Amino acid sequence: MKNHLFVSKEFEEKFPSLTKLLKKARITKIKFENQNYQLFGWTNQSSKSFGWLCLVPRTEVEIDKTLHPDHILLLKNFGGITERWNEPEDTWLINLNNALTFEDTQIGFIGFEDYFNEMCREEAIEVKVKPEEFISFAFEANGNITMYHKQTGEVLMFAADHFFDFITPYENYPEYTLYKIDNCNTFRDWVEIISDQWLNHIKN
């Protein structure tokens, strides 16, 4: 199946690993309940199909949320991930309901603000992080969320329920609240690391 991927030069330069991954895909256009999708499929090293169901890029639709410029650039070229199949076990996408989509991004900690403040009060920690300055963009089924700062693009995870070995408590905040993701500082880093995780499983 011919790959009909059309992305901007700026996108290619900002997200080279994601661009490489998408260019390797078999792309199928799908419409379901009046919603357009793109199916990106690859073959893994066990010769099985694996991939993403994604929304279409917002090339002609206004992005009327206060997102980081890198997220806006991504959405104009790639619509975000709604479903996956046969995903590798080492991807950060595992157990996520969705990631990166315009439709699902939200401001703040998505209902965890009171819990966060209470946890900090119990440990006499001064709260300097302002939830309204963060955009949540990746949502785990159990409620954990990944977010970035609207201005700096700094990535954090709010993980009230986790067994991850790749995250570290953020600036001495309580366990099971805010975390830094190891070796992932920004939104761009997160997207590129995810892309590399999937690229590593594509059959050559």
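Quick caveat: nothing in here was measured; it's all calculated off a predicted structure.

Q: Lay out helix 4 (residues 113-122) with the relevant residues and their values.
A: All buried positions along helix 4 are accounted for by F116, M119 and C120. End-on, the buried residues of helix 4 take up no more than an arc of 95°, which puts them together on one face. The exposed set on the far side of helix 4, more than 90 degrees from its buried face, consists of D114, R121 and E122. Buried positions along helix 4 lie against strand 9 (155-158) and strand 11 (178-181). Phi turns positive one or two residues past the end of helix 4, at A124, with a value near 55°.

Q: Could you give me a rundown of the pattern of salt bridges, with the residues and numbers involved?
A: The tally for this structure, following the rule as stated, stands at 7 salt bridges. A salt bridge links E103 to R58; the shortest N-O distance between them is 3.2 Å. One end of the pair, E103, is in the loop between strand 5 (96-99) and strand 6 (106-107); the other, R58, is in the loop between strand 3 (49-55) and helix 3 (69-75), with 45 residues separating them in the sequence. Residue classification places R58 among the buried residues on the basis of a relative accessible area of 14%.

Q: Explain the layout of surface pockets to me, using residue names and the numbers behind them.
A: Take a probe with the size of a water molecule and roll it over the atoms, and the empty space left behind shows itself. In this structure, the largest pocket encloses a volume near 290 Å³. Lining the largest pocket we find 18 residues, and of these H4, F6, K29, Q38 and P57 sit closest to its centre. Looking at the lining of the largest pocket residue by residue, the classes come out as 10 nonpolar, 5 polar and 3 charged. By volume, the second largest pocket amounts to about 160 Å³. As for the second largest pocket, its lining consists of 14 residues, and the residues nearest its centre are W92, E140, M157, F164 and F166. Of all elements in the fold, only strand 7 (134-140) and strand 8 (145-149) reach the threshold of two or more residues within the lining of the second largest pocket.

Q: Summarise the nonpolar core; cite the residues concerned and give the values.
A: One recurring pattern in soluble globular proteins: nonpolar side chains tend to sit buried together. Residues W52, L74, F78 and W190 are the most contacted members of the largest nonpolar core, which totals 46 residues. A per-element tally of this core places helix 5 (residues 187-199) first, with 6 residues. Contact partners of F78, with chain neighbours within four places excluded, come to F11, L18, L22, F40, W52, C54, P57 and L100. Counting residues in each nonpolar core, the second largest holds 14 residues, with C120, V129, F139 and L178 among its members.

Q: Run through unusual backbone geometry, naming residues and quoting values.
A: In this model, N34 sits at a positive phi of 65°, which is unusual for a non-glycine residue. Along the chain, N34 turns up in the loop between strand 1 (26-32) and strand 2 (35-43). A relative accessible area of 73% places N34 in the exposed class. A positive phi is found at Y176, a non-glycine position, where the angle reads about 65°. You can see Y176 is positioned in the loop between strand 10 (167-169) and strand 11. The class for Y176 is partly exposed, based on a relative accessible area of 38%.

The rules we used
Residues numbered from 1 in each chain as written. Predicted model: local features only at pLDDT ≥ 70, side-chain atom pairs only at ≥ 80, totals over all residues. Heavy atoms only, no water. Buried < 20%, exposed > 50% of the residue type's maximum accessible area, 1.4 Å probe, protein only. Helix = DSSP H or I, 4+ residues; strand = E, 2+ residues; numbered from the N terminus. Arc of directions from axis to C-beta. Contact = heavy atoms within 4.5 Å. Salt bridge = Lys/Arg side-chain N within 4 Å of Asp/Glu carboxyl O. 1 Å grid on protein atoms, 1.4 Å probe; cavity = no way out; pocket = protein on both sides within 12 Å on 5 of 7 lines; lining within 4 Å. Points joined across faces, edges and corners; volume = space filled by probe spheres on them. Nonpolar A, V, L, I, M, F, W, Y, C, P; charged D, E, K, R; others polar. Core = buried A, V, L, I, M, F, W, Y, C linked by side-chain atoms within 4.5 Å.

Geometric values such as these leave the question of function open.
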